[in-house]
Amino acid sequence: RPRDGGLFALENRCPHRQGPLAEGFLGAGKIVCPLHGHKFDLATGQGSDGHECVKTFKIDEQDGQMVLEY
């Protein structure tokens, strides 16, 4: 969860070289791949490279539990 709030869920693999996005850095509404620095928008999944994107999922918090729709 970003420090400024909100819940976001994205697939965990960067399409460039399958880098583990869960190990990346968050900032300015983006996740940065730890292997090659490719950036993906948390809300849309759109990558910094125009043809790359990751799948996003709807996520809500209900009674302290994270509920993911896919």
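Parameters and conventions
Think of each chain on its own: its residues are numbered from 1, step by step along the sequence as written. Per-residue local features of the predicted model are confined to residues with pLDDT of at least 70, and side-chain atom pairs are confined, for both listing and counting, to 80 or more; whole-chain, interface and lining totals are unaffected and use all residues. Only hydrogens and water are set aside when side-chain values are computed; all heavy atoms of the structure are taken into account. Each helix is a run of H or I in the DSSP string that is no shorter than four residues. Each strand is a run of E no shorter than two, and both are numbered from the N terminus. The atom set for the radius of gyration is the C-alpha atoms, and the globule formula is 2.2 Å times the number of residues raised to the power 0.38. Three exposure classes are used, based on accessible area relative to the maximum for each residue type with a 1.4 Å probe and protein chains only: buried under 20%, partly exposed in between, and exposed over 50%. Surface exposure here means Shrake-Rupley accessible area, sampled with a 1.4 Å probe, where a residue is shielded only by the protein chains that are shown. Counting rule applied: Lys, Arg positive; Asp, Glu negative; His and chain ends not counted. Charged side chains are reduced to one point each, which is NZ for Lys, CZ for Arg, CG for Asp and CD for Glu. If DSSP finds at least two bridges between two strands, the strands pair.

Caption draft 1: Structural view of the overall build of the protein chain. Within the protein chain, the secondary structure is distributed over zero helices and six strands. Shown N-terminal to C-terminal, the secondary structure of the protein chain runs as helices and strands in the order β-β-β-β-β-β. Computed over its C-alpha atoms, the radius of gyration of the protein chain comes to 12 Å, within 12% of the 11 Å expected for a compact globule of 70 residues. Its C-alpha atoms put the protein chain at 35 × 25 × 20 Å along the principal axes. The burial tally for the protein chain puts 26% of its 70 residues in the buried class. If you sum the accessible surface of the protein chain, you get close to 5000 Å²; carbon and sulfur atoms cover 48% of it. Both charge centroids of the protein chain, one from 8 positive and one from 10 negative side chains, sit 5 Å from each other.

Caption draft 2: A look at the pairing of strand E6 (residues 65–69). When strand E5 (residues 56–62) meets E6, the two strands line up antiparallel, connected through five bridges. Paired with Ile59 across the two strands is Leu68, which belongs to E6. Linking E5 to E6, which pair antiparallel, is a turn of two residues; within it Asp63 sits at a positive phi near 55°.

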